[in-house]
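# Chain and residue survey
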Amino acid sequence: MEQNKKNIDYIKRYLREYSKTSKVAKSVSFDEGESSNAPDYLLDCIMRCDGFYATVCYTQSYKNSLKLTIAFSGCDYAFSTFDILNVIEADDYDTYNFTDCEDEKSIEFALKKITKYIDTYGYDITRIVPSGKLSRLKKLYEEDREVIFGPFWLSDNEYKENDEYRIVSGSFDTKKNKEKLIKKLEGMDSLTHFDQRKLDYLKNYDYLQDSESQDPNQVLKSIKKKVYIPVAISFSVVAIILEIALRLVIFGDAFVINDIDERLLGGISEFIFPYVCFVGAFALLGVILVGKPIVYCLSPNSTKTYVKEKLFKKPNLVSCIIEAVVVLCIAAVCMVSPLSNVGFGEDRIIDFERIKTYTYSYDEIKIYRVMGRYNSQGIIEAFPDDEVYYYLGTPDYFSNYIPMVYENDEDDKKLKEILSAHNVEIIEIEVYEDLEALYNH
(Lines give C-alpha, C1' and ligand atoms only; values in the text may rest on other atoms or scores of the structure.)
Protein backbone atom coordinates (compact mmCIF):
# COMPACT_ATOMS: atom_id res chain seq x y z
CA MET A 1 0.00 0.00 0.00
CA GLU A 2 2.88 2.36 0.78
CA GLN A 3 4.36 1.81 -2.69
CA ASN A 4 0.98 2.42 -4.31
CA LYS A 5 0.71 5.75 -2.50
CA LYS A 6 4.19 6.73 -3.74
CA ASN A 7 3.24 5.73 -7.26
CA ILE A 8 0.02 7.74 -7.14
CA ASP A 9 1.82 10.81 -5.81
CA TYR A 10 4.42 10.52 -8.57
CA ILE A 11 1.77 10.19 -11.30
CA LYS A 12 0.00 13.28 -9.96
CA ARG A 13 3.21 15.35 -9.91
CA TYR A 14 4.17 14.24 -13.40
CA LEU A 15 0.80 15.04 -14.99
CA ARG A 16 0.47 18.36 -13.15
CA GLU A 17 3.81 19.46 -14.60
CA TYR A 18 2.83 18.14 -18.01
CA SER A 19 -0.47 20.06 -18.04
CA LYS A 20 1.41 23.29 -17.25
CA THR A 21 3.63 23.03 -20.34
CA SER A 22 1.47 21.07 -22.77
CA LYS A 23 -0.12 22.81 -25.74
CA VAL A 24 -2.90 20.20 -25.75
CA ALA A 25 -3.82 19.51 -22.11
CA LYS A 26 -5.29 22.57 -20.37
CA SER A 27 -5.80 21.18 -16.86
CA VAL A 28 -5.82 17.93 -14.91
CA SER A 29 -8.01 16.61 -12.08
CA PHE A 30 -7.76 13.40 -10.09
CA ASP A 31 -10.29 10.84 -8.94
CA GLU A 32 -8.93 8.33 -6.43
CA GLY A 33 -10.41 5.13 -5.08
CA GLU A 34 -13.07 2.84 -6.44
CA SER A 35 -15.05 3.52 -9.59
CA SER A 36 -18.16 1.99 -11.07
CA ASN A 37 -16.13 0.46 -13.91
CA ALA A 38 -13.63 -1.45 -11.80
CA PRO A 39 -13.60 -1.64 -8.01
CA ASP A 40 -9.82 -1.82 -7.85
CA TYR A 41 -9.05 1.34 -9.84
CA LEU A 42 -6.55 3.36 -7.86
CA LEU A 43 -6.44 6.61 -9.80
CA ASP A 44 -8.13 8.35 -12.73
CA CYS A 45 -6.22 11.38 -14.06
CA ILE A 46 -8.60 13.39 -16.22
CA MET A 47 -6.98 15.98 -18.51
CA ARG A 48 -9.22 18.56 -20.13
CA CYS A 49 -8.13 19.27 -23.71
CA ASP A 50 -9.65 21.26 -26.57
CA GLY A 51 -12.69 19.22 -27.60
CA PHE A 52 -11.95 16.03 -25.64
CA TYR A 53 -10.88 14.51 -22.34
CA ALA A 54 -7.77 12.34 -21.97
CA THR A 55 -7.88 10.04 -18.96
CA VAL A 56 -4.86 8.17 -17.63
CA CYS A 57 -6.01 5.20 -15.56
CA TYR A 58 -3.75 3.58 -12.98
CA THR A 59 -5.16 0.29 -11.65
CA GLN A 60 -4.19 -2.95 -9.95
CA SER A 61 -6.63 -5.00 -11.99
CA TYR A 62 -3.82 -6.22 -14.22
CA LYS A 63 -0.32 -5.91 -12.76
CA ASN A 64 -0.41 -2.21 -11.90
CA SER A 65 -1.35 -1.05 -15.38
CA LEU A 66 -1.38 2.43 -16.89
CA LYS A 67 -3.53 3.15 -19.90
CA LEU A 68 -4.96 6.12 -21.76
CA THR A 69 -8.56 6.57 -22.85
CA ILE A 70 -10.16 9.41 -24.82
CA ALA A 71 -13.69 10.69 -24.24
CA PHE A 72 -15.91 13.34 -25.83
CA SER A 73 -18.73 15.37 -24.31
CA GLY A 74 -22.13 13.80 -25.01
CA CYS A 75 -20.64 10.38 -25.87
CA ASP A 76 -20.85 7.45 -23.41
CA TYR A 77 -17.84 5.55 -24.75
CA ALA A 78 -14.27 5.83 -23.48
CA PHE A 79 -12.15 5.21 -26.55
CA SER A 80 -8.78 3.49 -26.46
CA THR A 81 -5.68 4.82 -28.18
CA PHE A 82 -6.22 2.17 -30.87
CA ASP A 83 -9.79 3.36 -31.52
CA ILE A 84 -8.47 6.87 -32.11
CA LEU A 85 -5.67 5.66 -34.38
CA ASN A 86 -8.28 3.79 -36.44
CA VAL A 87 -10.36 6.87 -37.18
CA ILE A 88 -7.47 9.30 -37.79
CA GLU A 89 -5.78 6.57 -39.88
CA ALA A 90 -2.32 7.04 -38.41
CA ASP A 91 0.32 4.44 -39.25
CA ASP A 92 1.28 4.04 -35.62
CA TYR A 93 1.18 0.47 -34.30
CA ASP A 94 2.92 1.04 -31.00
CA THR A 95 1.26 0.20 -27.69
CA TYR A 96 0.14 2.80 -25.17
CA ASN A 97 -1.15 0.40 -22.51
CA PHE A 98 1.44 -0.56 -19.90
CA THR A 99 1.69 -3.18 -17.17
CA ASP A 100 4.11 -3.76 -14.30
CA CYS A 101 4.18 -0.04 -13.47
CA GLU A 102 5.42 -0.70 -9.97
CA ASP A 103 8.07 2.00 -9.46
CA GLU A 104 8.90 5.52 -10.61
CA LYS A 105 11.17 4.39 -13.44
CA SER A 106 8.55 2.16 -15.09
CA ILE A 107 5.80 4.72 -14.46
CA GLU A 108 7.88 7.53 -15.97
CA PHE A 109 8.52 5.45 -19.11
CA ALA A 110 4.79 4.80 -19.52
CA LEU A 111 3.76 8.41 -18.87
CA LYS A 112 6.32 9.75 -21.35
CA LYS A 113 4.83 7.61 -24.11
CA ILE A 114 1.26 8.43 -23.09
CA THR A 115 1.85 12.20 -23.03
CA LYS A 116 3.75 11.95 -26.30
CA TYR A 117 0.65 10.31 -27.80
CA ILE A 118 -1.49 13.21 -26.59
CA ASP A 119 0.94 15.80 -27.98
CA THR A 120 1.35 13.99 -31.30
CA TYR A 121 -2.32 13.35 -32.04
CA GLY A 122 -3.92 16.13 -30.01
CA TYR A 123 -4.77 18.26 -33.05
CA ASP A 124 -6.25 15.28 -34.93
CA ILE A 125 -8.33 14.25 -31.90
CA THR A 126 -9.58 17.83 -31.51
CA ARG A 127 -10.83 17.68 -35.12
CA ILE A 128 -12.81 14.42 -34.71
CA VAL A 129 -16.08 16.04 -33.59
CA PRO A 130 -15.99 19.14 -35.88
CA SER A 131 -15.12 16.98 -38.90
CA GLY A 132 -18.03 14.60 -38.28
CA LYS A 133 -15.83 11.58 -37.56
CA LEU A 134 -17.34 10.81 -34.14
CA SER A 135 -20.12 8.64 -35.60
CA ARG A 136 -17.56 6.59 -37.52
CA LEU A 137 -15.41 6.31 -34.38
CA LYS A 138 -18.40 4.93 -32.44
CA LYS A 139 -19.22 2.51 -35.26
CA LEU A 140 -15.66 1.14 -35.38
CA TYR A 141 -15.64 0.95 -31.57
CA GLU A 142 -18.79 -1.19 -31.50
CA GLU A 143 -17.62 -3.44 -34.33
CA ASP A 144 -14.30 -4.07 -32.59
CA ARG A 145 -15.93 -4.88 -29.24
CA GLU A 146 -18.11 -7.40 -31.04
CA VAL A 147 -14.94 -9.04 -32.37
CA ILE A 148 -13.38 -9.00 -28.88
CA PHE A 149 -16.37 -9.92 -26.67
CA GLY A 150 -18.87 -11.48 -29.06
CA PRO A 151 -22.10 -10.34 -30.74
CA PHE A 152 -24.05 -9.81 -27.50
CA TRP A 153 -21.56 -7.54 -25.72
CA LEU A 154 -23.90 -4.53 -25.73
CA SER A 155 -26.62 -6.43 -23.87
CA ASP A 156 -24.23 -7.84 -21.29
CA ASN A 157 -23.61 -5.43 -18.41
CA GLU A 158 -20.24 -7.08 -17.76
CA TYR A 159 -18.94 -5.79 -21.08
CA LYS A 160 -21.26 -2.89 -21.91
CA GLU A 161 -19.01 -0.26 -20.30
CA ASN A 162 -15.74 -2.09 -20.91
CA ASP A 163 -13.20 0.00 -22.83
CA GLU A 164 -10.68 -2.82 -23.16
CA TYR A 165 -9.12 -3.21 -26.57
CA ARG A 166 -7.21 -6.42 -27.25
CA ILE A 167 -4.71 -6.50 -30.07
CA VAL A 168 -2.64 -9.25 -31.59
CA SER A 169 0.77 -8.59 -30.10
CA GLY A 170 4.08 -9.18 -31.78
CA SER A 171 7.21 -7.31 -32.76
CA PHE A 172 7.98 -6.50 -36.40
CA ASP A 173 11.37 -4.84 -35.98
CA THR A 174 13.04 -7.41 -38.26
CA LYS A 175 11.98 -9.09 -41.49
CA LYS A 176 11.66 -12.44 -39.72
CA ASN A 177 9.47 -11.01 -36.95
CA LYS A 178 7.42 -9.15 -39.51
CA GLU A 179 6.68 -12.39 -41.40
CA LYS A 180 5.78 -14.18 -38.15
CA LEU A 181 3.35 -11.42 -37.19
CA ILE A 182 1.74 -11.45 -40.65
CA LYS A 183 1.26 -15.21 -40.36
CA LYS A 184 -0.20 -14.81 -36.87
CA LEU A 185 -2.65 -12.12 -38.01
CA GLU A 186 -3.72 -14.08 -41.08
CA GLY A 187 -4.39 -17.09 -38.87
CA MET A 188 -7.00 -15.25 -36.80
CA ASP A 189 -10.70 -15.99 -37.38
CA SER A 190 -11.52 -12.28 -37.18
CA LEU A 191 -9.51 -9.12 -36.68
CA THR A 192 -10.22 -5.79 -35.08
CA HIS A 193 -9.93 -2.77 -37.33
CA PHE A 194 -6.59 -1.91 -35.74
CA ASP A 195 -5.13 -5.37 -36.40
CA GLN A 196 -6.52 -5.36 -39.95
CA ARG A 197 -4.85 -2.01 -40.60
CA LYS A 198 -1.63 -3.33 -39.12
CA LEU A 199 -1.79 -6.40 -41.38
CA ASP A 200 -2.33 -4.21 -44.46
CA TYR A 201 0.56 -2.00 -43.35
CA LEU A 202 2.92 -4.95 -42.95
CA LYS A 203 1.99 -6.37 -46.36
CA ASN A 204 2.35 -3.09 -48.24
CA TYR A 205 5.72 -2.00 -46.88
CA ASP A 206 8.90 -3.72 -47.99
CA TYR A 207 11.07 -2.17 -45.30
CA LEU A 208 10.60 -1.06 -41.73
CA GLN A 209 12.14 1.93 -40.02
CA ASP A 210 14.37 1.19 -37.06
CA SER A 211 13.21 2.09 -33.56
CA GLU A 212 15.10 5.40 -33.55
CA SER A 213 13.51 6.69 -36.73
CA GLN A 214 10.04 5.96 -35.34
CA ASP A 215 10.57 9.04 -33.20
CA PRO A 216 8.75 11.94 -34.93
CA ASN A 217 11.76 14.20 -34.56
CA GLN A 218 14.05 11.64 -36.22
CA VAL A 219 11.51 11.06 -39.00
CA LEU A 220 11.30 14.82 -39.58
CA LYS A 221 15.09 15.20 -39.73
CA SER A 222 15.40 12.31 -42.18
CA ILE A 223 12.74 13.68 -44.57
CA LYS A 224 14.14 17.23 -44.31
CA LYS A 225 17.56 16.01 -45.39
CA LYS A 226 16.11 14.24 -48.43
CA VAL A 227 13.87 17.16 -49.47
CA TYR A 228 15.59 20.41 -48.48
CA ILE A 229 18.95 19.77 -50.19
CA PRO A 230 17.59 19.13 -53.74
CA VAL A 231 15.01 21.92 -53.33
CA ALA A 232 17.69 24.40 -52.20
CA ILE A 233 19.96 23.40 -55.10
CA SER A 234 17.09 23.74 -57.59
CA PHE A 235 16.18 27.23 -56.37
CA SER A 236 19.85 28.25 -56.38
CA VAL A 237 19.94 27.32 -60.07
CA VAL A 238 16.74 29.34 -60.55
CA ALA A 239 18.45 32.32 -58.87
CA ILE A 240 21.43 32.10 -61.22
CA ILE A 241 19.14 31.83 -64.26
CA LEU A 242 17.11 34.79 -62.98
CA GLU A 243 20.27 36.86 -62.56
CA ILE A 244 21.36 36.05 -66.13
CA ALA A 245 17.88 36.90 -67.44
CA LEU A 246 17.77 40.22 -65.55
CA ARG A 247 21.22 41.10 -66.81
CA LEU A 248 20.03 40.52 -70.38
CA VAL A 249 16.93 42.64 -69.76
CA ILE A 250 18.96 45.49 -68.27
CA PHE A 251 22.02 45.53 -70.51
CA GLY A 252 20.90 43.61 -73.60
CA ASP A 253 23.87 42.97 -75.87
CA ALA A 254 25.92 45.82 -74.38
CA PHE A 255 29.49 45.07 -73.27
CA VAL A 256 29.65 44.78 -69.46
CA ILE A 257 33.05 44.95 -67.81
CA ASN A 258 33.80 42.07 -65.49
CA ASP A 259 30.34 40.53 -65.34
CA ILE A 260 29.18 38.77 -62.23
CA ASP A 261 30.63 35.36 -63.09
CA GLU A 262 34.05 36.88 -63.73
CA ARG A 263 33.86 38.87 -60.51
CA LEU A 264 33.21 35.71 -58.54
CA LEU A 265 36.07 33.90 -60.23
CA GLY A 266 38.27 36.92 -59.65
CA GLY A 267 37.44 36.87 -55.95
CA ILE A 268 36.22 40.44 -55.56
CA SER A 269 34.76 40.23 -52.06
CA GLU A 270 32.38 43.17 -52.27
CA PHE A 271 30.44 41.34 -54.99
CA ILE A 272 30.80 37.80 -53.66
CA PHE A 273 28.94 38.47 -50.41
CA PRO A 274 25.74 40.01 -51.86
CA TYR A 275 25.73 37.47 -54.71
CA VAL A 276 26.00 34.56 -52.27
CA CYS A 277 23.29 36.18 -50.12
CA PHE A 278 21.07 36.49 -53.19
CA VAL A 279 21.50 32.82 -54.16
CA GLY A 280 21.18 31.73 -50.53
CA ALA A 281 17.98 33.74 -50.09
CA PHE A 282 16.47 32.03 -53.12
CA ALA A 283 17.49 28.63 -51.76
CA LEU A 284 15.76 29.51 -48.47
CA LEU A 285 12.72 30.73 -50.41
CA GLY A 286 12.52 27.32 -52.06
CA VAL A 287 12.67 25.56 -48.72
CA ILE A 288 9.83 27.73 -47.36
CA LEU A 289 7.51 27.65 -50.38
CA VAL A 290 8.18 24.14 -51.68
CA GLY A 291 10.34 22.21 -49.22
CA LYS A 292 8.13 22.53 -46.14
CA PRO A 293 4.89 21.45 -47.87
CA ILE A 294 6.70 18.49 -49.47
CA VAL A 295 8.13 17.42 -46.10
CA TYR A 296 4.65 17.59 -44.59
CA CYS A 297 3.12 15.56 -47.43
CA LEU A 298 5.85 12.90 -47.27
CA SER A 299 5.72 12.52 -43.48
CA PRO A 300 3.86 9.42 -42.18
CA ASN A 301 0.35 9.96 -40.86
CA SER A 302 1.60 9.16 -37.37
CA THR A 303 3.89 12.19 -37.36
CA LYS A 304 1.88 14.73 -39.37
CA THR A 305 0.63 16.65 -36.33
CA TYR A 306 4.14 16.85 -34.90
CA VAL A 307 5.59 17.88 -38.28
CA LYS A 308 2.91 20.54 -38.78
CA GLU A 309 3.68 22.04 -35.39
CA LYS A 310 7.42 22.09 -36.07
CA LEU A 311 7.29 23.42 -39.64
CA PHE A 312 4.49 25.95 -39.42
CA LYS A 313 3.79 28.50 -36.72
CA LYS A 314 0.14 28.22 -37.69
CA PRO A 315 -1.70 25.16 -39.11
CA ASN A 316 -2.04 26.83 -42.52
CA LEU A 317 0.01 28.63 -45.19
CA VAL A 318 -0.05 32.06 -43.52
CA SER A 319 3.36 31.63 -41.89
CA CYS A 320 4.82 30.29 -45.15
CA ILE A 321 3.61 33.32 -47.10
CA ILE A 322 4.93 35.79 -44.51
CA GLU A 323 8.33 34.08 -44.41
CA ALA A 324 8.45 33.90 -48.20
CA VAL A 325 7.73 37.63 -48.60
CA VAL A 326 10.46 38.53 -46.11
CA VAL A 327 13.00 36.26 -47.80
CA LEU A 328 11.99 37.53 -51.25
CA CYS A 329 12.63 41.11 -50.10
CA ILE A 330 16.05 40.08 -48.80
CA ALA A 331 16.80 38.37 -52.11
CA ALA A 332 15.80 41.49 -54.05
CA VAL A 333 18.03 43.72 -51.91
CA CYS A 334 20.98 41.34 -52.29
CA MET A 335 20.43 41.00 -56.04
CA VAL A 336 20.66 44.66 -57.04
CA SER A 337 24.23 45.10 -55.76
CA PRO A 338 25.84 42.43 -57.98
CA LEU A 339 23.74 43.62 -60.96
CA SER A 340 24.82 47.25 -60.59
CA ASN A 341 27.19 47.92 -63.47
CA VAL A 342 27.77 49.96 -66.62
CA GLY A 343 27.05 48.53 -70.06
CA PHE A 344 28.66 49.93 -73.21
CA GLY A 345 26.33 49.37 -76.15
CA GLU A 346 26.65 50.16 -79.82
CA ASP A 347 25.19 53.65 -79.58
CA ARG A 348 24.41 54.16 -75.90
CA ILE A 349 25.69 53.63 -72.39
CA ILE A 350 23.52 51.95 -69.74
CA ASP A 351 24.23 52.81 -66.12
CA PHE A 352 22.32 50.52 -63.74
CA GLU A 353 22.64 51.71 -60.15
CA ARG A 354 20.85 49.40 -57.68
CA ILE A 355 17.23 49.93 -58.79
CA LYS A 356 17.53 52.75 -61.33
CA THR A 357 18.64 52.62 -64.94
CA TYR A 358 20.16 55.65 -66.71
CA THR A 359 20.89 55.80 -70.44
CA TYR A 360 23.34 58.21 -72.15
CA SER A 361 24.79 58.75 -75.56
CA TYR A 362 28.57 58.67 -75.94
CA ASP A 363 28.57 62.42 -76.58
CA GLU A 364 27.18 63.04 -73.09
CA ILE A 365 29.71 61.09 -71.04
CA LYS A 366 33.33 61.14 -69.96
CA ILE A 367 35.49 58.26 -68.78
CA TYR A 368 37.97 58.85 -65.99
CA ARG A 369 40.86 56.70 -64.90
CA VAL A 370 41.76 57.32 -61.26
CA MET A 371 45.40 56.59 -60.34
CA GLY A 372 45.14 56.55 -56.52
CA ARG A 373 43.57 58.08 -53.42
CA TYR A 374 44.50 59.67 -50.11
CA ASN A 375 45.12 57.35 -47.18
CA SER A 376 44.14 58.08 -43.57
CA GLN A 377 47.31 60.17 -43.09
CA GLY A 378 46.47 62.37 -46.07
CA ILE A 379 49.24 60.88 -48.22
CA ILE A 380 48.54 59.94 -51.83
CA GLU A 381 48.51 56.17 -52.17
CA ALA A 382 48.77 55.01 -55.78
CA PHE A 383 46.87 51.97 -56.97
CA PRO A 384 48.98 49.01 -58.18
CA ASP A 385 50.23 49.54 -61.74
CA ASP A 386 48.28 46.60 -63.17
CA GLU A 387 44.94 47.61 -61.59
CA VAL A 388 42.79 50.02 -63.58
CA TYR A 389 39.88 51.92 -62.02
CA TYR A 390 37.49 53.56 -64.50
CA TYR A 391 34.63 55.91 -63.62
CA LEU A 392 31.72 57.07 -65.77
CA GLY A 393 31.13 60.80 -65.79
CA THR A 394 27.67 62.06 -66.76
CA PRO A 395 26.32 65.61 -66.94
CA ASP A 396 25.00 65.30 -63.35
CA TYR A 397 27.08 62.76 -61.47
CA PHE A 398 29.84 60.19 -61.73
CA SER A 399 29.22 56.46 -61.41
CA ASN A 400 31.55 54.16 -59.49
CA TYR A 401 29.89 50.97 -60.72
CA ILE A 402 32.48 50.13 -63.36
CA PRO A 403 34.40 47.24 -61.79
CA MET A 404 38.17 47.19 -61.61
CA VAL A 405 40.02 45.64 -64.57
CA TYR A 406 43.65 44.68 -65.13
CA GLU A 407 45.89 46.68 -67.45
CA ASN A 408 45.59 45.43 -71.05
CA ASP A 409 43.49 42.38 -70.21
CA GLU A 410 40.60 41.46 -72.53
CA ASP A 411 38.06 43.69 -70.74
CA ASP A 412 40.44 46.66 -70.73
CA LYS A 413 41.23 46.26 -74.42
CA LYS A 414 37.56 45.84 -75.33
CA LEU A 415 36.54 48.98 -73.43
CA LYS A 416 39.33 51.07 -74.99
CA GLU A 417 38.30 49.81 -78.41
CA ILE A 418 34.64 50.83 -77.86
CA LEU A 419 35.59 54.26 -76.47
CA SER A 420 38.03 54.88 -79.33
CA ALA A 421 35.35 54.02 -81.90
CA HIS A 422 33.11 56.70 -80.34
CA ASN A 423 35.92 59.26 -79.92
CA VAL A 424 35.72 59.18 -76.11
CA GLU A 425 39.02 60.02 -74.43
CA ILE A 426 40.10 58.49 -71.13
CA ILE A 427 40.91 61.28 -68.68
CA GLU A 428 43.47 60.47 -66.01
CA ILE A 429 42.90 61.90 -62.51
CA GLU A 430 45.53 61.57 -59.82
CA VAL A 431 43.32 60.82 -56.81
CA TYR A 432 39.71 59.76 -56.30
CA GLU A 433 39.04 62.76 -54.07
CA ASP A 434 39.73 65.10 -57.02
CA LEU A 435 36.99 63.35 -59.00
CA GLU A 436 34.61 63.80 -56.10
CA ALA A 437 35.48 67.49 -55.87
CA LEU A 438 34.89 67.87 -59.61
CA TYR A 439 31.26 66.72 -59.29
CA ASN A 440 30.53 68.15 -55.86
CA HIS A 441 31.54 71.73 -56.50
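First things first, this report covers the structure right here in the doc.

Conventions we followed
- Residues numbered from 1 in each chain as written.
- Predicted model: local features only at pLDDT ≥ 70, side-chain atom pairs only at ≥ 80, totals over all residues.
- Heavy atoms only, no water.
- Phe/Tyr/Trp six-rings, centres within 6.5 Å; stacked < 30°, edge-to-face > 60°.
- Buried < 20%, exposed > 50% of the residue type's maximum accessible area, 1.4 Å probe, protein only.
- Helix = DSSP H or I, 4+ residues; strand = E, 2+ residues; numbered from the N terminus.
- Lys NZ or Arg CZ within 6 Å of the ring centre and 35° of its normal.
- Pairing = 2+ DSSP bridges.
- Contact = heavy atoms within 4.5 Å.
- Axes fitted to C-alpha atoms, helices over the stretch in contact; angles between N-to-C directions.
- Expected span 1.5 Å × (residues − 1).
- Bend = angle between axes of the 7 residues up to and from the residue.
- Patch = residues over 30% accessible without salt bridge, like charges linked within 9 Å, V, L, I, M, F, W, Y side chains within 5 Å.
- Areas by Shrake-Rupley, 256 points an atom, 1.4 Å probe, with all protein chains shown as cover.
- Salt bridge = Lys/Arg side-chain N within 4 Å of Asp/Glu carboxyl O.
- Core = buried A, V, L, I, M, F, W, Y, C linked by side-chain atoms within 4.5 Å.

### As for the packing of aromatic side chains
Summed over the entire model, instances satisfying the criterion amount to 17 aromatic pairs. Both rings, one in Tyr391 and one in Phe398, keep their centres 6.1 Å apart while their planes meet at 70°; by these two values the pair is edge-to-face. We classify Phe398 as buried; its relative accessible area is 16%. When the ring of Tyr391 is compared with that of Tyr432, the centres are 5.5 Å apart and the planes differ by 50°; the resulting orientation is tilted. Within this pair, whereas Tyr391 is found in strand E13 (residues 387-393), its partner Tyr432 is found in helix H14 (residues 432-439), the two being separated by 41 residues in sequence. One aromatic cluster is present, formed by Phe72, Tyr77, Phe79 and Tyr141 through successive ring pairs. Here Lys12 stacks its cationic end above the ring of Phe30, 5.7 Å away from the centre of that ring.

### A closer look at the environment of Asp363
Its place among the elements puts Asp363 in the loop between strand E9 (356-360) and strand E10 (366-370). Sequence-wise, Asp363 and Asp347 are 16 residues apart; in three dimensions their C-alpha atoms are separated by 9.9 Å.

### Things to note about the sheet that holds strand E6 (residues 255-256)
As summarised here, the arrangement of the four strands in space is E6-E7-E8-E9, forming an open sheet in which the pairing is antiparallel. Of all strands in the sheet, those bounded by a partner on one side alone are E6 and E9. Direction of pairing for strand E7 (residues 341-344) relative to strand E8 (residues 349-353): antiparallel, over a ladder of four bridges. From the neighbouring strand, Val342 faces E8, where its bridge partner is Asp351. Across the sheet, helix H8 (residues 216-251) is in contact with E6, E7 and E8; its angle to E8 comes to roughly 130°.

### Notes on the pairing of E13
Buried residues dominate E13, accounting for six of its seven residues. Of the pairings in the sheet, the one linking E10 to E13 comprises five bridges and is antiparallel in character. Following the sheet pairing, Lys366 is matched in E13 by Gly393. Looking at chain direction, E13 and strand E15 (residues 405-406) are connected through two bridges and run antiparallel. Within E15, the residue paired with Glu387 across the bridge is Tyr406. Bridge count between E13 and strand E14 (residues 398-399): two bridges; the pairing is antiparallel. Across the sheet, Gly393 pairs through a bridge with Phe398, a residue of E14.

### Observations concerning H8
Between the first and last C-alpha of H8 there are 51 Å, a value that for 36 residues agrees with the 52 Å anticipated at 1.5 Å per step. The largest bend in H8 comes to about 30°, at Lys224. Looking one or two residues past H8, Gly252 carries a phi angle of roughly 60°, positive in sign.

### Quick look at a nonpolar patch on the surface
A cluster of nonpolar side chains, Ile229, Ile233, Val237 and Ile241, forms an exposed patch at the surface whose accessible area comes to about 370 Å². Among the structural elements, Ile233 can be located in helix H8. Look at Ile233 and you get exposed, because its relative accessible area is 52%.

### Here we look at the nonpolar core
Leu66, Phe72 and Ile84 are the most contacted members of the largest nonpolar core, which totals 56 residues. Among the elements that line this core, the one with the most residues is helix H3 (residues 104-126), at eight residues. Setting aside residues up to four positions removed in sequence, Leu66 forms contacts with Ile11, Val56, Cys57, Tyr58, Tyr96, Asn97, Phe98, Cys101, Ile107, Ala110, Leu111 and Ile114. Residues Leu220, Ile223, Ala232 and Ala283 belong to the second largest nonpolar core, which totals 20 residues.

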